[in-house]
2 protein chains.
Amino acid sequence: MTYCVAIKLEEGLVFASDSRTNAGVDQVSTYSKMHTFETEGERLFLVLTAGNLATTQAIVNRLKREMEEGVEGSFADVGHMSEAAEYLGRVNREEQDKHSEALSKSGIAAEATLIVGGQISGQEPEIYRVYPQGNYITTSQHTPFLQIGESKYGKPILDRIITPETELGDAARCALVSIDSTIRSNLTVGPPIEVFVYETGSFAFEHYLCLEADNDYLRALTAAWDENIRKAFLELPRFDWESTRNRKRRGTSFHTRAHHKVHTSSR
Amino acid sequence: MTYCVAIKLEEGLVFASDSRTNAGVDQVSTYSKMHTFETEGERLFLVLTAGNLATTQAIVNRLKREMEEGVEGSFADVGHMSEAAEYLGRVNREEQDKHSEALSKSGIAAEATLIVGGQISGQEPEIYRVYPQGNYITTSQHTPFLQIGESKYGKPILDRIITPETELGDAARCALVSIDSTIRSNLTVGPPIEVFVYETGSFAFEHYLCLEADNDYLRALTAAWDENIRKAFLELPRFDWESTRNRKRRGTSFHTRAHHKVHTSSR
């Protein structure tokens, strides 16, 4: 599986992805799912990939080749991020179509889901999620992040922390925590974790991290998070019946209303 | 959808469930998914239900009737919790079979997934998850909890906090936090939240809670958790480039290794 997240903030964009791919449990490997494309100082695109590895590799190779060759409608000359999403949707569908029939006979899906984000000079940075069918959606003021892959485990912390006003560093940290929680709960998501922070208008790939499992910062971050979460949990208000004074009368204060369930008896 | 969790601890058992059911987005209603059965002081069973509502209602009615009638192999006389799971699996399959053919024609699944837990006098408390096919699994020292329904959002906090040594109060609180996180991230899971805490050997339905959305304790708990999580997050180690001293040199310390991505250019 895979877990990738992209966040749109007032300060810029944050992208993060895991690097584990698996075809069944006995074929697990490591591939980067973060791919970058730029025309120095003029346009910058970052693509996150999930789904069939052969499809995503074919897509990325084609994106790169067509940009190098300056193909019309490719990353080389699209005028808007939405056009980049449209282009990516078309490439996604076309690459799937090449093998989907043969694959479906083997019960394998050719589908890929992608996130594309970045900035074209003179315009605002944007991120889009591109579906296997080729259609796409972007963010809103109330939905500032997009996920692909195994996204449920890591969503609650993003829901609690991320707003458009969140600082780039906090958002990057939140993405790391979101991926770490997913890695702990789901074997199909694994390190290294890649993070890319884009500052609006910089048109540069400056703030990039690739964190192996033994990376010092990642270790410090996950250890601190684990400890802080426990602390946060232990500081929660307790049930009355837990206080040692009431321990003898356990349960008495626990009722908020009569136990309304059906009690049956075989006697 | 639904989210239910059951936890097996050295002190006893904890069960928690949401109460939202939906057939599509325009048919959302509230039903308890927690059903209890007992023979005073001798045997006690609690069943959590997920899946097709008609199926789960039929199952629960039959469990109740057969226990009242003292049917052989029912909750009235099963000798072990594993037999209770076996019985529940059989009832589950039989109730699905009644309508599955007609339902499948309408593209509706008759499937139900259940958790059964409790204690039979002279034996240890146990919990089992019963699949739509009728088979079942129980917990282990390293997997002390079982979930059914929309279980991914709420799993990370359980993974971090719950061990067999966890106290009943902490486990009940963790289950509430797990369900609250799920409710925030997924509309198909909703209050009231029911919690039942069973102390080994008590054979009593003492510690039961049904928390409506406006319940004082639930409000205090979720508000405290939200605040504590933010605090826990803000106290995490920051990237070097975030410190005001380094703000000018942003990114410099952010690199842990060279940015190894392919940069293409249309020039």
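Scroll up for the structure.
Here's what I pulled together on the structure shown here.

Conventions we followed
- Residues numbered from 1 in each chain as written.
- Chains lettered and ligands numbered in written order.
- Predicted model: local features only at pLDDT ≥ 70, side-chain atom pairs only at ≥ 80, totals over all residues.
- Heavy atoms only, no water.
- Helix = DSSP H or I, 4+ residues; strand = E, 2+ residues; numbered from the N terminus.
- Buried < 20%, exposed > 50% of the residue type's maximum accessible area, 1.4 Å probe, protein only.
- Contact = heavy atoms within 4.5 Å.
- Areas by Shrake-Rupley, 256 points an atom, 1.4 Å probe, with all protein chains shown as cover.
- Lys, Arg positive; Asp, Glu negative; His and termini not counted.
- Charge placed at Lys NZ, Arg CZ, Asp CG, Glu CD.
- Salt bridge = Lys/Arg side-chain N within 4 Å of Asp/Glu carboxyl O.
- Core = buried A, V, L, I, M, F, W, Y, C linked by side-chain atoms within 4.5 Å.
- Pairing = 2+ DSSP bridges.
- Axes fitted to C-alpha atoms, helices over the stretch in contact; angles between N-to-C directions.
- Parallel < 35°, antiparallel > 145°, perpendicular 65-115°, else oblique.
- Nonpolar A, V, L, I, M, F, W, Y, C, P; charged D, E, K, R; others polar.

1. Things to note about the overall build of chain A
Next, step 1: A count of helical and extended segments in chain A gives 5 helices and 12 strands.
Next, step 2: Across its three principal directions, the C-alpha atoms of chain A cover 80 × 45 × 35 Å.
Next, step 3: Taking all 267 residues of chain A together, 54% fall into the buried category.
Next, step 4: Residue pairs at least 24 apart in sequence account for 61% of intrachain contacts in chain A once pairs closer than 6 positions are excluded.
Next, step 5: For chain A, the computed accessible surface area is about 11300 Å², with 49% contributed by carbon and sulfur atoms.
Next, step 6: Side chains of chain A give 29 positive and 38 negative charges; the mean places of these two sets differ by 17 Å.

2. Points about the pattern of salt bridges
Next, step 1: One pass over the structure, following the stated rule, counts 38 salt bridges over all chains.
Next, step 2: A:Asp159 serves as the salt-bridge partner of A:Lys155, at 3.0 Å between the closest nitrogen and oxygen. Placement of both A:Lys155 and A:Asp159 in helix H3 (residues 155–161) is noted, with a separation of 4 residues, approximately one turn of the helix.
Next, step 3: Among the residues examined, A:Asp159 registers a relative accessible area of 31% and is labelled partly exposed.
Next, step 4: B:Arg184 is the partner of B:Asp226 in a salt bridge, and the nearest nitrogen-oxygen pair spans 3.4 Å. Linking B:Asp226 in helix H5 (residues 216–234) with B:Arg184 in helix H4 (residues 168–185), this pair joins segments that are 42 residues apart in sequence.
Next, step 5: For B:Arg184, a relative accessible area of 43% translates into the label partly exposed.

3. Digging into the nonpolar core
Next, step 1: In terms of nonpolar packing, the biggest core is built from 72 residues, with A:Ile7 and B:Ile7 touching the most fellow members.
Next, step 2: If we skip the residues at most four places from it in the chain, B:Ile7 touches B:Gly12, B:Leu13, B:Val14, B:Ile127, B:Pro144, B:Phe145, B:Leu158, B:Ile162, B:Ala171 and B:Ala175.

4. So, the pairing of strand S6 (residues 43–51) of chain B
Regular strands show a simple pattern: their side chains alternate between the two faces of the sheet.
Residues and elements named next belong to chain B.
Next, step 1: Within S6, 8 of the 9 residues are buried, leaving the element largely enclosed by the surrounding structure.
Next, step 2: Note: strand S5 (residues 34–39) against S6, 6 bridges, orientation antiparallel. Bridging across to S6, Phe37 finds its partner in Phe45.
Next, step 3: Two successive antiparallel strands, S5 and S6, enclose a turn made up of 3 residues, where Gly41 displays a positive phi of approximately 65 degrees.

5. A few points about the packing of H4(B) against H5(B)
Residue and element names in this part refer to chain B.
Next, step 1: Relative to each other, H4 and H5 sit at 75 degrees, their axes nearing to 11 Å. It follows from the interaxial angle that H4 and H5 lie roughly perpendicular. Between H4, through Arg173, Leu176, Val177, Asp180, Ser181 and Arg184, and H5, the contact on the second element is made entirely by Tyr217, Leu218, Leu221, Thr222, Trp225 and Asp226.
Next, step 2: Of the residues contributing to the contact of H4 with H5, the split by class is 6 nonpolar, 2 polar and 4 charged.

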